[in-house]
Amino acid sequence: MKHIKTAAVYDRWLSTLGGGEQVAFAYAQTFTELGYKTVLLTHAKVDTQKAEKKMDVSLKDIEIVYLPIKSSKELSQYTEKYDVFVNTSYLDYFANRGKNGILSIFFPSQIYLTPYEYIKRAFIIPSFRSFFIYPLQYENFAYDEFKQHKMYRWLCESSSILLSKKIRKISITLFFDALAFSTLEQIQFSRNGVTIEPKLKKLDHKNNEVEYFFEFANPEDSKLTILMPKTKDSVAAITKVTIPNIRYYLYNLFKTFFPTWEMRLHGGPGITKRSELESYQTIITISEFCKHWIKKYWGLNAKVLYPPVNTSNFKPSKQKKNYICTVGRFFVTGHSKKQLDQIKVFKKMYDQGATKDWQLHLIGSVHPGDQHQQYFETCQTTAAGYPIFFHTDVPFSELKQFLSQSKIYWHATGLDEDEQRNPILFEHFGITTVEAMASGCVPVVIRAGGQKEIVTEESGFTWANREEWIEKTTTLISDTKLLEKISKAAVTRSEYFSRENFKLRFEKIIQKKA
């Protein structure tokens, strides 16, 4: 009987359906097309219909297997039974025990640590994680929205909160667009699949909120599920979760004053041995930029496999408008997209008369949190009185339309940062730049990180400082023929990063190791 090859792709964050998850799904689909029996390994429930639509992938022949929530060090056992195992989970560096392991890296964390960093990873973060009490994970929510200094987690028909065995009591506050008693009567709750009733309910008619109180007799890790009725009027969001325990209140203080550290409680680099990295037969990364830092941080070689971009989804409009656009979330930590700097550059050009008939469009959601909301509001205040427009939480169809109609695309991640000291603050590749080029936008982007690998001399402009940035943008604005010529070249260049080319390159890597 002919042996059917098996492949597994692991991604802890698969349910988030983010940029990194596009790569995970692309790996899985490529394996399937090559005849492998393919599984995706993860922990949190994935909305498969939403995944197929957003990721533009078919999961018909791909199985999703849900693993128990474990630390990175406990996951090696799941690598053994497959012909090929791909670990593409961000910062999950665990040893491979399979015969053909591939470690897919977006950007490497350092493994040779300072004494302080070692103590933080080995003792401080694990101690906080053990001491604090907090919801472990939110599963199958429609989306998160931060407004009026409050987080709204909008519910699907079935949404869950994972709770540790430390949690004996909890209250959940639901906000309703329309507070109807008929809806309240149909809401159901379950714990680990068993229907439960809240001990108490409190209605707040003024704010359209209901608070539900629960007590658990038996201490165990559990999944608390909210089942909403299947009616159009049943639109609700969790606005508050309260656990009556001092360790939860201390957690919230910690989260408020140390947001970056709090993120490390839910995932992040641990203590990694070089031998664990070397247990993989192949290391893949998304750019020459990342390859360089893998060599510098780990002393190991990697193959570059540019991430797949669905370039066929993007087309230039026949009636382009005088739009400069930029795409990215508004946030102030990590590799910020530098929207405030882009606004200031556009204003300077406008005041000089260079962009009098032009508009700047900033597209992207606002990352949850007061500091990110404040940054967004500062951007809005700074832009007031100029032809600068903000588009938050736009649907994909609207994003495509803006890119299609725009003539120029700006990208400034890494501006004013030191690439040698803080390379993680730069764009590691830049999928949106490729999408903009496929839409006929001429890229005018920072000459740093992965951006300089995407944009060639024929297909756009790169810059090293604000003066060069303004100069090259002004050149395009003042020379229509040049702009149209480079626009066509940008579309051609974008095809180099297409899904089809990704599959061909990945297939070669697999076949060499087969």
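Above this text is the structure in question.
Residues numbered from 1 in each chain as written. Predicted model: local features only at pLDDT ≥ 70, side-chain atom pairs only at ≥ 80, totals over all residues. Heavy atoms only, no water.

Trainee: What exactly am I supposed to notice about the side chain of Thr6 here?
Mentor: Mapped onto the elements of the fold, Thr6 is located in strand E1 (residues 6-10). Contacts of Thr6, omitting those with residues within four sequence positions, involve Tyr36, Lys37, Lys81, Tyr82, Asp83 and Val84. (Helix = DSSP H or I, 4+ residues; strand = E, 2+ residues; numbered from the N terminus. Contact = heavy atoms within 4.5 Å.)

Trainee: Could you clarify how one ought to interpret the sheet that holds strand E5 (residues 101-105) in this entry?
Mentor: Two modes of strand pairing occur in sheets, parallel and antiparallel, and in both the strands are linked by backbone hydrogen bonds. On the basis of which strands lie adjacent, the open sheet formed by 7 strands has the order E3-E2-E1-E4-E5-E15-E16 and parallel pairing. Looking at which strands have only one partner, the edges of the open sheet turn out to be strand E3 (62-66) and strand E16 (303-304). Note: strand E2 (residues 37-42) against E3, 5 bridges, orientation parallel. In the sheet register, Thr42 faces E3, and the bridge partner there is Tyr66. Packing against the sheet, helix H8 (residues 288-298) makes contact with E5, strand E15 (282-285) and E16, and its axis sits at approximately 135° to E15. (Pairing = 2+ DSSP bridges. Axes fitted to C-alpha atoms, helices over the stretch in contact; angles between N-to-C directions.)

Trainee: Would you explain the nonpolar core in this entry?
Mentor: Here is a general trend for soluble globular proteins: nonpolar side chains tend to be buried in one another's company. Counting 115 residues, the largest nonpolar core has Phe25, Tyr27, Phe31, Leu40, Trp298, Ile408 and Trp410 as its most contacted members. In terms of residue count, helix H1 (residues 19-33) provides more of this core than any other element does, 7 residues in total. Contact partners of Ile408, with chain neighbours within four places excluded, come to Tyr323, Ile324, Cys325, Trp358, Cys441, Val442, Val444, Thr473, Leu476, Ile477 and Leu483. Core analysis: the second largest hydrophobic core is formed by 32 residues, Leu163, Phe176, Phe214 and Met228 among them. (Core = buried A, V, L, I, M, F, W, Y, C linked by side-chain atoms within 4.5 Å. Buried < 20%, exposed > 50% of the residue type's maximum accessible area, 1.4 Å probe, protein only.)

Trainee: Looking at this model, I keep getting lost on the pairing of strand E12 (residues 209-215). Mind explaining?
Mentor: Every other side chain in a regular strand lies on the same face of the sheet, so the side chains alternate between the two faces. Across the 7 residues of E12, 5 count as buried, placing the element largely inside the fold. Inspection of the sheet shows strand E8 (residues 169-176) paired to E12 by 7 bridges, in the antiparallel sense. Each bridged residue has a counterpart across the sheet, and for Lys169 the counterpart in E12 is Glu215. The pairing of strand E11 (residues 200-204) with E12 spans 5 bridges and is classified as antiparallel. Bridging across to E12, Lys202 finds its partner in Glu211.

Trainee: Would you mind going over unusual backbone geometry with me for this structure?
Mentor: Trans peptide bonds make up the majority, and among non-glycine residues the majority have a negative phi. If you check the backbone angles, Asn192 has positive phi at about 55° while not being a glycine. For Asn192, a relative accessible area of 39% gives the class partly exposed. Not every positive phi belongs to a glycine, and Lys338 is a case in point at roughly 60°. Here Lys338 lies in the loop between strand E17 (323-327) and helix H9 (339-351). By relative accessible area, which is 12% here, Lys338 ends up buried.

Trainee: Which parts of the structure should I look at to understand the state of the cysteines?
Mentor: Working definition of a disulfide: a covalent bond connecting the sulfur atoms of two cysteines. With the rule as written, the count across this model stands at 0 disulfides. Free of any disulfide, Cys325 has its nearest cysteine sulfur in Cys441, 4.5 Å distant. (Disulfide = S-S within 2.5 Å.)

Trainee: Help me understand helix H15 (residues 480-494) in this model?
Mentor: Note: α-helices contain 3.6 residues per turn, so residues at a spacing of three or four share the same orientation. With 15 residues, H15 should reach 21 Å at 1.5 Å per residue; the first-to-last C-alpha distance of 21 Å fits that figure. Listed as buried for H15 are Leu483, Ile486, Ser487, Ala490, Arg493 and Ser494. Taken around the axis of H15, the buried residues stretch over an arc of 125°, which confines them to a single face. Among the exposed residues of H15, those oriented more than 90 degrees off its buried face are Lys481, Lys485, Lys488 and Thr492. (Expected span 1.5 Å × (residues − 1). Arc of directions from axis to C-beta.)

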